[in-house]
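Inside the fold
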Amino acid sequence: MSKEDMSVEDLLSCNHFNTDEKNPHIIVNPDSCTGCKVKPCLTCCPAQLYKQDSSSGIVHFDHLGCLECGTCRLVCQEMGNGGITQWKYPLHSFGVQYRCG
Ligand code: SF4
Ligand code: SF4
């Protein structure tokens with residue numbers, strides 16, 4: 001099967017992750033997220049790493065599986081609530097390895 005015939009999910013499943021468990025490259029302060037009305041990170045992250053607890057409303061983030069696209073950083077800056085307190089690329093040898101482009 002050629003890459004053109006593969007679904008986005010199939011393409012993403014080819015990726016390999018070497019996650020730096022001790023040093024998350026993205027850090028979110030959920031306290032700052034409470035004042036964020038739109039919470040665009042919940043829908044814009046292609047890896048769906050931002051989740052909102054349905055009862056408490058607290059935004060949770062896990063850097064495992066991050067595609068390093070930078071979208072969350074841009075939309076969070078636009079919101080101006082400072083929820084993302086750190087966004088940087090993983091240290092050398094850590095992070096995502098794209099296998100299918
Ligand atoms: S960098 Fe991209 S994949 Fe990673 S958490 Fe942000 S939006 Fe999701
Ligand atoms: S966009 Fe930023 S401030 Fe708003 S919910 Fe997401 S991480 Fe929090």
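Sequence positions are assigned chain by chain, starting from 1 and proceeding in written order. For this description, chains carry letters from A and ligands carry numbers from 1, given in the order in which they are written. Given that the model is predicted, a residue must reach a pLDDT of at least 70 before its local features are reported, and side-chain atom pairs must reach 80 or more before they are shown or counted; all residues, however, enter totals for whole chains, interfaces and linings. Note that water and hydrogens are dropped before the side-chain values are worked out from all heavy atoms of the structure.

1. Brief notes about the overall build of the protein
Along the protein, the regular secondary structure elements total four helices and six strands. Only runs of H or I of at least four residues qualify as helices and only runs of E of at least two qualify as strands under DSSP, and these elements are numbered from the N terminus. Element order for the protein, N to C, with α for helix and β for strand: α-β-β-α-α-β-β-α-β-β. Expressed as lengths along the three principal axes of its C-alpha atoms, the size of the protein is roughly 45 × 30 × 25 Å. Buried, partly exposed and exposed residues are distinguished by accessible area as a fraction of the type maximum, computed with a 1.4 Å probe on protein chains only: under 20%, between the cut-offs, and over 50%, respectively. Residue burial in the protein is summarised as follows: out of 101 residues, 31% are buried. Whether two residues are in contact is decided by their heavy atoms: any pair within 4.5 Å suffices. In the protein, once contacts between residues fewer than 6 apart in sequence are set aside, the share between residues at least 24 apart is 66%. Per-residue and other accessible areas follow the Shrake-Rupley method at a 1.4 Å probe size, with only the shown protein chains counted as cover for residues. Working note: accessible area of the protein is about 6700 Å², and carbon and sulfur atoms make up 52% of it.

2. Re the environment of Ser55
By secondary structure assignment, the location of Ser55 is in the loop between strand E3 (50-52) and strand E4 (59-61). Between the C-alpha atom of Ser55 and that of Ser7, which follows or precedes it by 48 residues, the distance is 33 Å. We define a polar contact as two N or O atoms separated by no more than 3.5 Å, with the added condition that, inside protein, one atom must be a possible hydrogen donor and the other a possible acceptor, whereas residues neighbouring each other in sequence contribute only through side-chain atom pairs. Engagement of the side chain of Ser55 in a polar contact is seen with the side chain of Asp53, the distance being 2.7 Å.

3. Some thoughts on the site of ligand 2
Around ligand 2 sit Cys33, Cys36, Lys39, Pro40, Cys41, Cys76, Asn81 and Gly83, and those are all the residues in its vicinity. Grouping the amino acids of the shell around ligand 2 by side-chain chemistry returns five nonpolar, two polar and one charged. To be near a molecule or strand, a residue needs just one of its heavy atoms within 4 Å of it. Classes in brief: Ala, Val, Leu, Ile, Met, Phe, Trp, Tyr, Cys and Pro nonpolar; Asp, Glu, Lys and Arg charged; the others, Gly included, polar.

4. Structural notes on the packing of aromatic side chains
In this scheme Phe, Tyr and Trp rings, the latter by its six-membered ring, pair at centre separations within 6.5 Å, and the angle between planes marks the pair as stacked below 30 degrees, edge-to-face above 60, and tilted otherwise. For the structure on display, the rule yields two aromatic pairs. Ring centres of Tyr50 and Phe61 lie 4.6 Å apart, and the angle between their planes is 35 degrees; on these two criteria the pair is classed as tilted. Within this pair, whereas Tyr50 is found in strand E3, its partner Phe61 is found in strand E4, the two being separated by eleven residues in sequence. For Tyr50, a relative accessible area of 4% gives the class buried. Assessed through its relative accessible area of 22%, Phe61 is described here as partly exposed. With a centroid separation of 5.0 Å and 85 degrees between ring planes, the pair formed by Trp87 and Tyr89 is classed as edge-to-face.

5. Topic: unusual backbone geometry
With a phi close to 60 degrees, Glu68 is a non-glycine residue in the positive phi region. Looking at the element boundaries, Glu68 is found in the loop between E4 and helix H4 (71-79). Notably, Ser93 is not glycine yet its phi reads approximately 80 degrees, a positive angle. As for its position among the elements, Ser93 is in the loop between strand E5 (84-87) and strand E6 (95-97). By relative accessible area, which is 45% here, Ser93 ends up partly exposed.

6. A few points about the nonpolar core
In this structure, Ile26, Val28, Tyr50, Cys72, Ile84 and Trp87 are the most contacted members of the largest nonpolar core, which totals 13 residues. Broken down by secondary-structure element, the contributors of at least two residues to this core are strand E2 (26-28), H4 and E5. The contact partners of Tyr50, leaving out residues within four places of it in the chain, are Ile26, Val28, Cys41, Leu42, Cys45, Val59, His60, Phe61, Cys72 and Ile84. What is meant by a nonpolar core is a set of buried Ala, Val, Leu, Ile, Met, Phe, Trp, Tyr and Cys residues, joined one to another through side-chain atoms within 4.5 Å.

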